[in-house]
Amino acid sequence: MKRHGNLWSQIIAWDNLLWAAHRAQASKRFRDNVLAFNYNLEPELLKLRDELRDRAYQPGAYKTFRIFDPKPRLISAAPYRDPQSGSLRGRVVHHALCNIIVPLLDVSFIADTYANRTGYGTHRALKRFVQFARRSRYILQCDIRKYFPSIDLEILKAQLHRKIKCPQTLWLIETIIDASNPQEPVIAYFPGDTLLAPLLRRKGLPIGNLTSQFFANVYLNGFDHFVKESLRAKQYLRYVDDFALFSNDRSFLVDARPAIENYLATLRLQIHPVKSQLFETQYGTNFVGFRILPDRIRVRNDNLRRARLRLKQFQRHRVTGKISPEKLSQRLQSWEAHLKHGDTYRLRRAIFNRYGFVGSD
């Protein structure tokens, strides 16, 4: 296995930090903290470079909030700038780091893992899922129980050490990982555990972080290769913590499940006991917001409910002037483009016409 070194000079290079600053403020350019940062952009980035070079950089506290739709989650956001000490942290550093290490490690990922990868994403995953489902009789569809809160930080660090040998880069990676804020408690026992083992091991990455999204792919990369190469699953894909195996041989999928559970146990992960099921594809299944049936692709009802609420909100904002016509048009076009990946022509016309918006054909 190739280990990558001599990365630090690329990470703290001026061009890379400047690029990271622009990436970190995407869609946030007019917020007060971003405007303040940009007002002194050059001194701020020079100070950040010095802190990184001297290993004096320390991440700030995360801003956390809870969402309850579609399910309860703790979302964490890295701060753009520390208003008290003035030391930079958070999103700029995350982008600077990922810009260098992601291309090096992404090439080791299998072709059929789709989340948080350039050129992949939800819609490409949906297309592949439909291909597999419509040429297979059975599906083993699984969901990892509380994935982000369950990621074991020592296991993650060991995985990254096997791929990267640059000491300064590893220092920064571990600094970011160790600064992770407490996540939802997950108590689970695995072979060899003592009574207190689940409480003594640090686990959990903050959802909403650029580095967390990438590290989550790294964490399951070995599992992806196990399914493809050891189990010899010809039709398999993963999107974050949702994965599926397809086959016309039911016994193959029956035997695959305990092998999958045993491998995930080495990562201190468990599949969800209810959401993980083996069934016939003819009955349809849910994936990335759609219901995939043998002859059509429908939008899930909970997604439609959220979409209708969002359209009502857009309608109010349009009347009150809280959103510009250009921004509103961009958001509507983005959502309509998502719906177009299903058999939704009549649905799109009905929803958009009801709320006074005009979509494309």
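Going by the structure above, here's the rest.
The notes below deal with the structure included here. Note that the coordinates shown come from a computational prediction; the quantities given were computed from them, not determined experimentally.

Here we look at the pairing of strand 3 (residues 138–143)
Part 1 of the argument: Most of strand 3 sits inside the fold, with six of its six residues counted as buried.
Part 2 of the argument: Residue alternation in strand 3 divides its side chains into two sets, Tyr 138, Leu 140 and Cys 142 and Ile 139, Gln 141 and Asp 143, and both sets are buried.
Part 3 of the argument: Sheet topology note: the strand 3/strand 5 (residues 242–247) ladder contains six bridges and is antiparallel. Residue pairing in the sheet places Tyr 138 in a bridge with Ser 247 of strand 5.
Part 4 of the argument: Sheet analysis places strand 3 next to strand 6 (residues 277–280), joined by four bridges and oriented antiparallel. Across the sheet, residue Gln 141 finds its bridge partner in strand 6, namely Gln 277.

Overview of the pattern of salt bridges
Part 1 of the argument: In the structure shown here, the tally under the stated rule is 13 salt bridges.
Part 2 of the argument: Taking the shortest distance from any N to any O, the salt bridge between Asp 152 and Arg 201 comes out at 2.6 Å. Pair noted here: Asp 152 is in the loop between helix 7 (147–150) and helix 8 (153–161) and Arg 201 is in the loop between helix 10 (197–200) and helix 11 (210–219), with a separation of 49 residues, a long-range link.
Part 3 of the argument: Residue Arg 201 is classed as partly exposed on the basis of its relative accessible area of 33%.
Part 4 of the argument: In this structure, Asp 152 engages Arg 268 in a salt bridge whose closest nitrogen and oxygen atoms are separated by 3.9 Å. One end of the pair, Asp 152, is in the loop between helix 7 and helix 8; the other, Arg 268, is in the loop between helix 13 (250–266) and strand 6, with 116 residues separating them in the sequence.
Part 5 of the argument: Judged by its relative accessible area of 2%, Asp 152 is buried.
Part 6 of the argument: One salt-bridge network, held together by shared partners, links Asp 152, Asp 193, Arg 201 and Arg 268.

What about the sheet that holds strand 9 (residues 297–299)?
Part 1 of the argument: Taking strand neighbours across the sheet as the criterion, the three strands line up as 7-8-9 in an open arrangement whose pairing is antiparallel. One side of each edge strand has no neighbouring strand; the edge strands of this open sheet are strand 7 (285–287) and strand 9. Ignoring strand direction, the axes of neighbouring strands in this sheet form an average angle of 30°.
Part 2 of the argument: In the sheet, strand 7 pairs with strand 8 (residues 290–292) via three bridges, with the strands oriented antiparallel.

Describing a nonpolar patch on the surface
Part 1 of the argument: A cluster of nonpolar residues, Ile 187, Tyr 189, Leu 195, Leu 196, Leu 199 and Leu 200, forms a patch on the protein surface that exposes about 690 Å² of accessible area.
Part 2 of the argument: By the secondary structure assignment, Leu 199 is in helix 10.

Describing the nonpolar core
Part 1 of the argument: Among the nonpolar cores identified, the biggest contains 92 residues, and Tyr 147, Leu 172, Phe 223, Phe 243, Leu 245 and Leu 264 are the most heavily contacted of them.
Part 2 of the argument: Of the residues forming this core, the biggest block, seven residues, is contributed by helix 5 (residues 91–106).
Part 3 of the argument: With near-sequence residues (within four places) excluded, Leu 264 lies in contact with Ile 144, Leu 220, Phe 223, Phe 243, Leu 269 and Ile 271.

Structural notes on the sheet that holds strand 3
Part 1 of the argument: Taken together, the four strands give an open sheet; going across it, the order is 4-5-3-6, and neighbouring strands pair in antiparallel fashion. In the strand order of this sheet, the two ends are held by strand 4 (236–239) and strand 6, each with one partner. Adjacent strand axes in the sheet meet at a mean angle of 20° when their direction is disregarded.
Part 2 of the argument: Relative to strand 5, strand 4 is paired through four bridges, and the arrangement is antiparallel. Paired with Leu 237 across the strands is Ala 244, a residue of strand 5.
Part 3 of the argument: Each of strand 3, strand 4 and strand 5 touches helix 6 (residues 122–134); the most contacted strand, strand 4, lies at about 150° to it.
Part 4 of the argument: This element, helix 12 (residues 221–230), spans strand 4 and strand 5 of the sheet and lies at about 165° to strand 4.

Quick notes on the environment of Arg 135
Part 1 of the argument: Its place among the elements puts Arg 135 in the loop between helix 6 and strand 3.
Part 2 of the argument: Placed 112 residues apart in sequence, Arg 135 and Ser 247 show a C-alpha to C-alpha distance of 8.5 Å.
Part 3 of the argument: The contact partners of Arg 135, leaving out residues within four places of it in the chain, are Arg 128, Gln 235 and Asn 248.

Procedures and definitions
- Residues numbered from 1 in each chain as written.
- Predicted model: local features only at pLDDT ≥ 70, side-chain atom pairs only at ≥ 80, totals over all residues.
- Heavy atoms only, no water.
- Buried < 20%, exposed > 50% of the residue type's maximum accessible area, 1.4 Å probe, protein only.
- Helix = DSSP H or I, 4+ residues; strand = E, 2+ residues; numbered from the N terminus.
- Pairing = 2+ DSSP bridges.
- Salt bridge = Lys/Arg side-chain N within 4 Å of Asp/Glu carboxyl O.
- Axes fitted to C-alpha atoms, helices over the stretch in contact; angles between N-to-C directions.
- Patch = residues over 30% accessible without salt bridge, like charges linked within 9 Å, V, L, I, M, F, W, Y side chains within 5 Å.
- Areas by Shrake-Rupley, 256 points an atom, 1.4 Å probe, with all protein chains shown as cover.
- Core = buried A, V, L, I, M, F, W, Y, C linked by side-chain atoms within 4.5 Å.
- Contact = heavy atoms within 4.5 Å.

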